Amino acid sequence: MKVRSSIFASFILVFEVLGVALFLRGFFPVPVKSALPSKSRLSDLPAEPQTGGSPNSTRLPQPLFSRVVVMLVDALREDFVFGASGHLYMPYTRHLVDRGSSHSFVAKARPPTVTMPRIKALTTGSIPGFIDVVMNLNSPALLEDNLIWQANTAGKRIIFYGDDTWVRLFPKHFMEYDGTTSFFVSDYTEVDNNVTRHLDRTLKRDDWDVLILHYLGLDHIGHISGPHSSLIQPKLLEMDDVLKKIHSSLVSKEAEGSLPYLLVLCGDHGMSETGSHGGSSEPEISTPLVLISPAFRRKGGMKKPEVVEQVDLTPTLALGLGLPISQNSVGRVIPGVFEESSLRDQLRFLHLNGHQLSCLLKDSIPDYEKDAGFEQFRVAEKAHGNWMKLYLEGNASEVLMNMGKKVLKQYLEALAAMSSALSKQLGKYDMYSMIAGMVFVFQLLLVLVLAMPEALSGSAAVDLPVLSSLFSLPFYLLCLLLASVHVLVCTSAESSCYFCSLSWGLVFAAVAFSSAMFCILISLATRRLPLAPKIHGKNTGGDWSLSELDVLLLAGTIGHTLSLAASSFVEEEHQTWYFLLNTLCLAVFQDVCRKYFREQRGFGEEEELFLPSKDSHPSSHHKSEVSSEKWLALATPPFTLVCCRLLRSLNQTGVQWAHLPDVGHWLNSSDHKTVLSLLSAFCLVLIYLLVQRRCSLVSKFALALGLLGVYSYRAAVGNVLFPWQQSTRTTSKGTVEARFVYVFVLGILFTGTKGLLRSQILTADAKLKSRGLWEIYSGLVLLVSLLFRAHNLPVLCCCLLIQTLMAQFIWKKLHYDAAQTTIMHYWFGQAFFYFQGNSNNIATVDISVGFVGLESYIEAPAIVLTSLSTYAGPLLWACHLVCYLSSERERSPVAIGHGCYCLALLRSVPAAAYIVLVTVLRYHLFIWSVFSPKLLYESMHLLLTAGVCLFFITMEQSHSTKLT
Amino acid sequence: MWDHEIKAMASTHAIITASVFMATVIPAVFVPGFSVYGTHLLWVYAVSGTVTCVSVAIFWLLGISPPTKKHTLGYKLSRLSRSCLYFFLSCLFFYTVVVLYGAPLIESALETFSLSVLLTSLTTLRCLCVLGPNVQTWIRVFSRHGAMSVWDTCLQITVACTLIGAWVGAFPIPLDWDRPWQVSSSHRKPTYSDWNQWTFELLFSFHHLQPV
């Protein structure tokens, strides 16, 4: 079966996406969950153990606290309170920590250190999976068993002020609430004032039991200017004042005889040295946890705070309030909090926690009985029973006391062992799905690579032996073999496996597909084998000898793929691309120099061999034109280099050098608003000039209006200044302006598509077609200019400028073939991905783009817009590649097929290699912080490339219809 | 004749390599606290100074440079001044390239500039010595199939290897080993590897030339 290489490449890419999706499903562990979908109830609680006698009461011990105030400060880092400058930042809190009746801990948050998973962790006590980050965009109600639900069911009255994520997670749980949105990151005062304004009124009242405050300002400051900014201290002093206010009010309310209060100060996650969060570096995961209550012993002096897990707060609060611990909690109670209560109560608390953990262990680990922690717990429970018997008999000797202490220790050890066993369970991978996905991807990649000589040949068509392999004996044997392997694995595996849980039809299709691919692979390989020496002979013939540029392109591609094995190279991948791009530009510069200087020196005969078309116009006629063109061509690579250097200092990304000051921050500070306005206006004008050249009149008009709309949108949001509007308007969401731009984007895309369709169906007009393509491209440019932050507009501008210059003076004039051009486009696309401020860390994804032009969060457009703006660089370059290659059709009619094939190969080689790397490194220390986000980025990029390749097909399709 | 040239070239390179070695060792004896990583600037100055002096001296003594047509003092002076100018321009050129590769423009300019001086003394200076300040010849030698003598081939190989060595030297920068030579504030190429690579590649170049 003969297939055109573009269709072949897209087909391979689409199936690779499926394989990668299967791999991802197996790679990201499903969170530990109890088998029962119900929630813990008071009536389900185990009885207090007692050997002999009838089971004792099942009631919980008396609650320790009557009222709880949780003050959660977003991005509060541990050293803001406990560090050397803690005295300056939070003097009152520090005083309480040092001298007051309080307990202070460093609570370790688990990555991903993003707000919503952290809130979930704090309330459910479970550790949300990595995939929850992706769901962070959209937070539907939390259905799992959680502390808030328990408190609400127990009749506690809860008041909440702060981040509206809570309101979305717990609808109808709060007696009173006021959600503030974390949408406007640039606002760090209003967002906190909206919380504090309720405080005085609420503190005076007596009708609540739990008060939760979530302050966002500190996090916003971190995002704007980092942890060393001058804004940090005033904000922390403000937080300190709030804490002081709450504390003094609680102290004044305290009455004799009633239960004491508890005031909790904590952070949901820390803040890295750059002020962002999301990863697993030490400053990001270390948060302070200060518990203040008169029930605690007054402390003599500051000790080094103990380290606990963030989830340990959940069972502690639950037991302190007399609530059952939520089912999926993996935390263990903090023993220090209960040290003032009686030994019997302490043992009871630990027993309850242990029982809950052992239930969770039973549900999530198949051979739980062999687990060391579980056995320890059984032993401790028995000892507890004995102790209770003696205790109830009225024994009160020293011996009993010591025995009780021993039981306590046993319990603590058992809790630690069970908790760590459960946490380990989180790191378990579904290996079968991963391997299945990997095998798919590799089969496809090998077929892609083996088809290279045919796909890049003059006819650009691949002969796939589909039918012959479908009717061969090995195919059926393989099907049988794979199916039996599948049955064997699925019946023997005790743990859940996604691939096994798929329906039989799907699995059989996958098995048949895989065996067919295998047969095709074998027959392709056998076809290549006898041919190989022939091709090799041809290569050495000199026709195919590699130039320096080819060597660089190949070495760069392979070197980049290999570099992904090191975590630092993944973190600093932008360096690799900048480095390669610079070298590429220098190599191109050398090529240009060689061409023009040699020509000058009379080596012209060689040039003419390459340029048969050039003889048509007499050279003397265009002498001046040629010389100006020569200088422009010579100036293009240095200009590109300078552009890249400037863009590189626009956004510092990565990890090691991300904290260095960059131009982007400088532009975004409020003092330089005028500069930013002028710069973005200039960029928009330049974008218009660069794009409008090849558009129709209507599109030109629409583009101009659209770009005006972009500026007014930025002005409405408050990023830039409107010259003629002096009055200080309140910043709005700019919905109207953004929608105005969307209308023009759609209009331009529509005219472009119409032109394409007309050229395809009615007239075989190449000019109409290339204009249609360019209009689609300009529609994309307009959309991206709307989505890009104002300080990123120069990136777009330089992208267009470089594309124009390179296409005009380099790619066309130096006669690079489709493969070389594609690789260069791909490299530029990658570099621009990082120029716009992205990195391989989830935290740099600009989620606010998902709200442009929308009143509220709507999932589908938000995801599309966010991925579009994140991958704007690679997408724009890929689209430009389509435009360029189809305009080069006269020279090489199969250019599009070659380009598509190269793009598919360029994308699938690193993706496939990365999957293997991640599998090998799955127990690496940085697997969750460095490698997994990169895996998500790679898969997303693969998906987008598959989309672009489908676009390529449509272009080539119309081309072939034109030929017939 | 052929053999003689090879021999001359081998001894030249041996002397230059030895001078680089001495430039590293001798200051270590005389200057207290000298180390390649610790006082890298001083080391770079020492190496580039020695290499400059030694190669100028050797090539002058050997008389490799193309015979001049005129023997007037004025002509020689103008050649000398043009050579100096080219030397300086090449320093600027390397500086620009390194900055384009990501080194900060002004902050740590001294380090960057000394790197460019080192690179110049290893590449441009030898071209100046062997080919003279004649751009046309340079273009001929460095275009494909342009080498006409052993010295041309040798120049091609050493210059290419030095540049590739410097290029390869940038690889370990992103690694977070926190070594002193991974200059943390910039993305500058660590200078140490130029030298390593250069001496290594010199041996390699001999290996290549023997069958010629």
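Keep in mind that what you see is a predicted model, and the values were worked out from it rather than measured.

1. Looking at the overall build of chain A
- The number of helices and strands found in chain A is 38 helices and ten strands.
- Every one of the 964 residues in chain A was classed for burial, and the buried ones make up 56%.
- Counting only contacts in chain A whose residues sit at least 6 apart along the sequence, the fraction spanning at least 24 positions is 79%.
- Surface summary for chain A: the accessible area is close to 40,500 Å², and the carbon and sulfur share equals 64%.

2. A few points about the pairing of strand β8 (residues 286-292) of chain A
Residues and elements named next belong to chain A.
- For β8, the tally of buried residues reaches seven of seven residues, placing the bulk of the element in the interior.
- What you see with β8 is no split at all: Ser286, Pro288, Val290 and Ile292 on one side and Thr287, Leu289 and Leu291 on the other are buried throughout.
- Bridge count for strand β3 (residues 102-108) against β8 is seven bridges, and the pairing is antiparallel. Along β8, the bridge assignment pairs Ser104 with Val290.
- Two elements, strand β7 (residues 261-267) and β8, share four bridges in a ladder whose sense is antiparallel. The partner of Leu265 across the bridge, within β8, is Val290.

3. Here we look at the pattern of salt bridges
Residue and element names in this part refer to chain A.
- Counted under the stated rule, the structure contains 22 salt bridges over all chains.
- Two residues, Glu309 and Arg110, come together in a salt bridge whose shortest N-O distance is 3.3 Å. In this pair, Glu309 sits in strand β9 (residues 306-309) while Arg110 sits in the loop between β3 and α5 (115-124), placing the two residues 199 residues apart along the sequence.
- Given the relative accessible area of 25%, Glu309 is considered partly exposed.
- The class of Arg110 is partly exposed, set by a relative accessible area of 25%.
- Members of the salt-bridge network, linked through shared partners, are Glu573, Arg907, Lys934 and Glu938.

4. Brief notes about the interface of chain B and chain A
- Residue-level contacts link 25 residues of chain B with 23 residues of chain A.
- With both sides pooled, the region where chain B packs onto chain A buries about 2,100 Å², and carbon together with sulfur makes up 58% of that total.
- Counting across the interface, chain B meets chain A through zero salt bridges.
- Counting across the chain B and chain A interface gives four residue pairs in polar contact (both at pLDDT 80 or more).

5. A few points about the sheet that holds β7(A)
Residues and elements named next belong to chain A.
- Taken in spatial order, the eight strands make up an open sheet running β5-β4-β6-β2-β7-β8-β3-β9, and their pairing is mixed. Edge positions in the sheet fall to β5 (176-180) and β9, since each has one partner strand and no second. In this sheet, neighbouring strand axes are inclined to one another by 15° on average, regardless of whether the strands run parallel or antiparallel.
- In this fold helix α4 (residues 91-99) packs onto β3, β7 and β8, with an angle of close to 110° to the strand it touches most, β3.
- This element, helix α13 (residues 313-320), spans β2 (67-73), β7, β8 and β9 of the sheet and lies at about 165° to β7.

6. Section: the nonpolar core
All names here are of chain A.
- Ranked by size, the top nonpolar core spans 166 residues in total, and within it Phe8 and Leu584 carry the most contacts.
- Shared between two domains, this core holds at least three residues of each, these being domain 1 (2-28 + 430-516) and domain 4 (546-613 + 621-892).
- In contact with Leu584, not counting residues within four places along its chain, are Leu549, Leu552, Leu553, Met824, Trp827 and Phe828.
- Ranked by size, the runner-up nonpolar core spans 71 residues in total, among them Phe65, Ile212, Leu319 and Val333.

7. Describing the confidence of the model for chain A
Residues and elements named next belong to chain A.
- Summing up the model confidence of chain A, the mean pLDDT is 83 and the portion of residues at 70 or higher is 88%.
- Least confident of the elements in chain A is helix α26 (residues 604-610), whose mean pLDDT is 37; most confident is helix α34 (residues 818-835), at 93.
- Counting interchain partners and residues more than four positions distant, the pLDDT-below-50 stretch residues 602-619 has seven contacts.

8. Notes on the environment of A:Gly278
Residue and element names in this part refer to chain A.
- Looking at where Gly278 falls in the secondary structure, it is placed in the loop between β7 and α12 (282-285).
- By relative accessible area, which is 16% here, Gly278 ends up buried.
- Apart from residues no more than four positions distant in its own chain, Gly278 is found in contact with Pro112, Thr113, Val114 and Glu284.

9. Brief notes about the packing of aromatic side chains
Residue and element names in this part refer to chain A.
- Taken as a whole and assessed by the stated rule, the structure comprises 33 aromatic pairs over all chains.
- Consider the rings of Trp577 and Tyr826, whose centres lie 6.1 Å apart with planes at 80°: the pair is edge-to-face. Here Trp577 is found in helix α25 (residues 573-600), whereas its partner Tyr826 is found in helix α34, with 249 residues between them in sequence.
- Looking at Tyr826, the relative accessible area reads 8%, which means it is buried.
- Here the aromatic rings of Phe833 and Tyr937 are separated by 6.0 Å at their centres, their planes lie at 80°, and the arrangement is edge-to-face. A residue pair is termed long-range when its members are at least 10 positions apart, and Phe833 in helix α34 and Tyr937 in helix α38 (residues 927-963) qualify at 104 residues.
- Looking at Phe833, the relative accessible area reads 4%, which means it is buried.
- For Tyr937, a relative accessible area of 7% translates into the label buried.
- In this structure an aromatic cluster arises from ring pairing among Phe160, Trp166, Phe170, Phe174 and Tyr177.
- Over the ring of Trp208 we find Arg67, and its NZ or CZ is 4.0 Å from the ring centre.
- Taking the ring centre of Trp774 as reference, the NZ or CZ of Arg694 above it sits at 4.2 Å.

The rules behind each value
Residue numbers here run from 1 along each chain, matching the order of that chain's written sequence. Key to labels: chains lettered from A, ligands numbered from 1, both in the order written. Per-residue local features of the predicted model are confined to residues with pLDDT of at least 70, and side-chain atom pairs are confined, for both listing and counting, to 80 or more; whole-chain, interface and lining totals are unaffected and use all residues. As a convention, hydrogens and water are excluded, and side-chain values are obtained from all of the structure's heavy atoms. Runs of E in the DSSP output that reach at least two residues are strands. Runs of H or I that reach at least four are helices, and both are numbered from the N terminus. Buried, partly exposed and exposed residues are distinguished by accessible area as a fraction of the type maximum, computed with a 1.4 Å probe on protein chains only: under 20%, between the cut-offs, and over 50%, respectively. The contact rule is simple, with two residues in contact once any of their heavy atoms fall within 4.5 Å. Here the open area of atoms and residues is found with the Shrake-Rupley method and a 1.4 Å probe, where only the protein chains shown may cover a residue. Strand pairing is assigned whenever DSSP detects at least two bridges linking the two strands. Any carboxyl oxygen of Asp or Glu that lies within 4 Å of a side-chain nitrogen of Lys or Arg is treated as forming a salt bridge with it. Buried area is understood as the total, over both parts, of accessible area removed when two parts are fitted together, assessed with a 1.4 Å probe. Whenever two N or O atoms come within 3.5 Å, that pair is a polar contact, provided that in protein one can donate a hydrogen and the other can accept it, and provided that, for residues adjacent in sequence, both atoms are side-chain atoms. Under this scheme, a helix contributes an axis fitted over its contacting stretch, all axes are lines through C-alpha atoms, and angles between N-to-C directions fall in the 0 to 180 degree range. By convention a nonpolar core is built from buried Ala, Val, Leu, Ile, Met, Phe, Trp, Tyr and Cys residues, the set being connected through side-chain atoms within 4.5 Å. Domain ranges listed in this record stem from an automatic or a database domain assignment. As a per-residue measure, pLDDT reflects the predictor's confidence and takes values from 0 up to 100. Think of it this way: a Phe, Tyr or Trp ring, Trp meaning its six-membered ring, pairs with another when their centres are within 6.5 Å, and the plane angle makes it stacked under 30 degrees, edge-to-face over 60, tilted otherwise. Criterion for a charge above a ring: Arg CZ or Lys NZ at most 6 Å from the ring centre, at most 35 degrees from the ring normal.

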